[in-house]
Amino acid sequence: MIRIENVSVQFEQRRALSDIDLTLGEKRIGIVGANGSGKSTFVRLLNGLQTATSGRVLVDDFDAAKDGRKLRRHVGFVFQNPDNQIVFPVVEEDIAFGLKPLKLSKEEVNRRIDDVLARYDLQDFKTHPSHLLSGGQKQLLAISGVLVMEPRYIVLDEPTTLLDLRNRNRVQRAIAELDQTVITVSHDLDLIADYDRVLAFEDGRVVLDGTPADVLPKYREMMA
Ligand SMILES: Nc1ncnc2c1ncn2[C@@H]1O[C@H](COP(=O)(O)OP(=O)(O)OP(=O)(O)O)[C@@H](O)[C@H]1O
Ligand SMILES: [Mg+2]
C-alpha cells in the first residue's frame with residue numbers, strides 16, 4: 001500500500017507538485033498528463049529518487065524520508081531515458097549489477113540474465129557494449145535490469161516511447177504477467193487501458209482519478 005500524504009514538491013521558482021493526497025492499493029496504476037505536469041516528479045517520490053518538500057510518502061512499512069536505501073530495493077524504477085539507467089559497459093554486467101545485493105549463486109545470476117535477455121530476443125547481445133545498443137534495445141535492457149531484481153513494486157516512466165510495435169507489445173505482455181504492483185507513466189493510452197486505475201496530472205495536481213474507462217475519454221477531451 002502506498003500513502004502520499006499532502007505532498008508538495010517545490011523546485012526553486014517552480015512548484016512541480018501541489019498537495020497530492022492519495023492512497024494507492026491497486027495492482028496496475030497508470031499515470032497520464034501533459035509534458036511538465038509533474039508525472040516523473042510524482043513517481044520519483046515513490047522510490048526516494050525525489051524527496052517531498054512537504055508531506056509524507058509511505059510505501060508499505062517504509063517512510064521515503066527515512067528509509068531511502070531500503071525503498072530503492074523495494075520499488076524498482078525504470079527511467080524515462082535509458083541512458084540514465086545503464087551503468088555498465090557490457091550488457092550482462094549491467095544486468096548482473098542489479099542482482100548483486102541479492103547474493104545469488106553464480107549459476108542463478110546467469111540463469112536470470114539468460115531468461116530476461118531471451119524474453120526480448122536480446123540473447124545475442126549478452127556480451128555486447130551497452131552503449132552501442134539501439135535506443136529501443138537500451139530501453140529493453142533498462143526494463144530487464146529492473147525486472148530481474150524482482151522488486152515488490154515496479155515504476156515505469158514512459159517505458160515504450162522508443163520501442164517498435166513488436167517490442168512495445170512484448171513490454172505490455174511482460175507487464176501483464178508480473179505479480180508485482182506496477183505503476184506506469186505513459187503517453188501511450190492503450191498501454192494502460194486495462195489497468196485498475198488511472199490518474200491524470202495537470203499542473204502538479206491530480207485532476208482525474210478513476211478507472212481507465214472513466215478517466216481516459218475525459219483525458220483525451222482535456223488534451224484535444
Ligand atoms: N530537478 C528539477 N529542477 C527544477 N525543475 C524541475 C526539476 N525536475 C522537474 N522540474 C520541473 O517540474 C515540472 C514537472 O516536471 P516532470 O518531469 O515531473 O514532468 P512530466 O509530467 O514527467 O513531463 P514529461 O511528460 O515531459 O516527461 C516541469 O516544469 C519541470 O521543468
Ligand atoms: Mg516525465
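- If you check an unreviewed UniProt entry, the chain appears there as Biotin transport system ATP-binding protein from Thalassospira tepidiphila.
- Heading Sequence similarities (unreviewed entry) of the UniProt record for the chain holds this comment: "Belongs to the ABC transporter superfamily."

## A word on the overall build of the chain
Move 1: Counting its secondary structure elements, the chain contains seven helices and 10 strands.
Move 2: For the chain, whose C-alpha radius of gyration is 17 Å, the value lies close to the compact-globule estimate of 17 Å for 224 residues.
Move 3: For the chain, the spread of C-alpha atoms along the principal axes amounts to about 45 × 40 × 35 Å.
Move 4: Residue pairs in contact within the chain that sit at least 24 positions apart in sequence constitute 63% of those at least 6 positions apart.
Move 5: As displayed, the chain offers around 11200 Å² of accessible surface, 47% of which is attributable to carbon and sulfur atoms.
Move 6: In the chain, 30 side chains carry a positive charge and 34 a negative one; their mean positions are 3 Å apart.

## Let's talk about the pairing of strand β2 (residues 14-24)
Move 1: Bridging between strand β1 (residues 2-11) and β2 involves seven bridges; their strand directions are antiparallel. Counted as the bridge partner of R3 is T23 from β2.
Move 2: Counting the residues between successive antiparallel strands, the hairpin from β1 to β2 contains two residues, one of them, E12, with a positive phi of roughly 25 degrees.

## Looking at the pattern of salt bridges
Move 1: The final tally for this structure, using the stated rule, is 16 salt bridges.
Move 2: A salt bridge links R112 to E108, with the shortest nitrogen-to-oxygen separation between them at 3.1 Å. On the criterion of helical spacing, the pair formed by R112 and E108 is a turn pair, its members being four residues apart in helix α4 (residues 106-119).
Move 3: Residue R112 is classed as buried on the basis of its relative accessible area of 13%.
Move 4: A single network of salt bridges, built from pairs that share partners, joins R3, E5, D21, R56, D63 and K66.

## Let's talk about the environment of R205
Move 1: Turning to its location among the elements, R205 is positioned in strand β10 (residues 205-210).
Move 2: Owing to a relative accessible area of 44%, R205 belongs among the partly exposed residues under this scheme.
Move 3: Each C-alpha atom of the pair R205 and L17 lies 6.2 Å from the other, and the pair is 188 residues apart in sequence.
Move 4: Those residues in contact with R205, other than ones at most four positions away along the chain, are S18, D19, I20 and A200.

## What about the coordination of the magnesium ion (ligand 2)?
Move 1: Looking at the metal site, the magnesium ion (ligand 2) is ligated by S40 (OG) and Q80 (OE1), spaced 2.0 to 2.5 Å from it. Placement of the pair is S40 in helix α1 (residues 39-45) and Q80 in the loop between β6 (75-78) and α3 (91-99), with a sequence separation of 40 residues.
Move 2: By relative accessible area, which is 36% here, Q80 ends up partly exposed.

## Considerations on helix α6 (residues 165-177)
Move 1: Between its first and last C-alpha, α6 extends 18 Å over 13 residues, near the 18 Å set by a 1.5 Å rise per residue.
Move 2: Taken together, the buried positions of α6 are N167, R168, R170, V171, A174 and I175. Down the axis of α6, the sector holding all buried residues measures 160 degrees, keeping them to one side. Pointing more than 90 degrees away from the buried face of α6 are the exposed residues L165, R166, A176 and E177.
Move 3: Its buried side turned inward, α6 meets β3 (28-33), α4, α5 (135-147), β7 (153-157) and β8 (181-185).
Move 4: Two to three positions downstream of the cap, the backbone nitrogen of R166 sits 2.9 Å from a side-chain oxygen, assigning the N-cap of α6 to D164.

## A word on the site of ligand 1
Move 1: Surrounding ligand 1, one finds 14 residues, the nearest of these being R14, G36, K39, S40 and T41.
Move 2: Note that an oxygen atom of ligand 1 is positioned 3.0 Å from one of the side-chain N or O atoms of N35.
Move 3: The contact in question runs from an oxygen atom of ligand 1 to an N or O atom on the backbone of G36, over 2.8 Å.
Move 4: Here ligand 1 has 640 Å² of accessible area as a free molecule, and 63% of this is covered by the chains.
Move 5: At the level of elements, β2 and α1 are the ones that each hand at least two residues to the shell around ligand 1.
Move 6: Considering every element that reaches the shell around ligand 1, the biggest residue donor is α1, with three residues.
Move 7: Split by residue class, the shell around ligand 1 holds three nonpolar, eight polar and three charged.

Scoring rules and cut-offs
- The residue numbers shown here count from 1 along each chain, following its written sequence.
- By the order in which they are written, chains take letters starting at A while ligands take numbers starting at 1.
- Local features in this predicted model are restricted to residues of pLDDT 70 or higher, and side-chain atom pairs are both shown and tallied only at a pLDDT of 80 or more, whereas totals for entire chains, interfaces and linings draw on every residue.
- Note: side-chain values were computed over all heavy atoms of the structure, leaving out hydrogens and water.
- UniProt positions are given in the numbering used here, feature names are shortened, and annotations may be inferred rather than shown by experiment.
- For the purposes of this entry, the term helix denotes a DSSP run of H or I that reaches at least four residues, the term strand denotes a run of E that reaches at least two, and both are numbered from the N terminus.
- Using C-alpha atoms as the atom set, the radius of gyration is obtained and then compared with a globule rule of 2.2 Å times the number of residues to the power 0.38.
- Should any heavy atoms of two residues lie within 4.5 Å, those residues are considered in contact.
- Method for areas: the Shrake-Rupley scheme with a 1.4 Å probe, in which residue coverage is limited to the protein chains shown.
- Under the convention used here, Asp and Glu are negative, Lys and Arg are positive, and both His and the chain ends fall outside the count.
- A charged residue contributes its charge at one atom only: NZ of Lys, CZ of Arg, CG of Asp or CD of Glu.
- Paired strands are those between which DSSP finds at least two bridges.
- What makes a salt bridge here is a side-chain nitrogen of Lys or Arg within 4 Å of a carboxyl oxygen of Asp or Glu, nothing more.
- Each residue gets one of three labels from its accessible area relative to the maximum for its type: buried under 20%, exposed over 50%, partly exposed in between, using a 1.4 Å probe on protein chains only.
- The rule for donors is simple: an N, O or S atom within 2.8 Å of the metal counts, and for Na, K and Ca the reach is 3.2 Å. Water is not among the atoms, so a site may look short of donors.
- Multiply 1.5 Å by the residue count of a helix minus one, and that product is the helix's expected span.
- In this description, the arc belongs to the directions extending from the helix axis to the C-beta atoms.
- Whenever two N or O atoms come within 3.5 Å, that pair is a polar contact, provided that in protein one can donate a hydrogen and the other can accept it, and provided that, for residues adjacent in sequence, both atoms are side-chain atoms.
- A single heavy atom is enough: if one lies within 4 Å of a molecule or strand, its residue is considered near that molecule or strand.
- Each residue receives one of three labels: charged for Asp, Glu, Lys and Arg, nonpolar for Ala, Val, Leu, Ile, Met, Phe, Trp, Tyr, Cys and Pro, and polar for the others, Gly being one of them.

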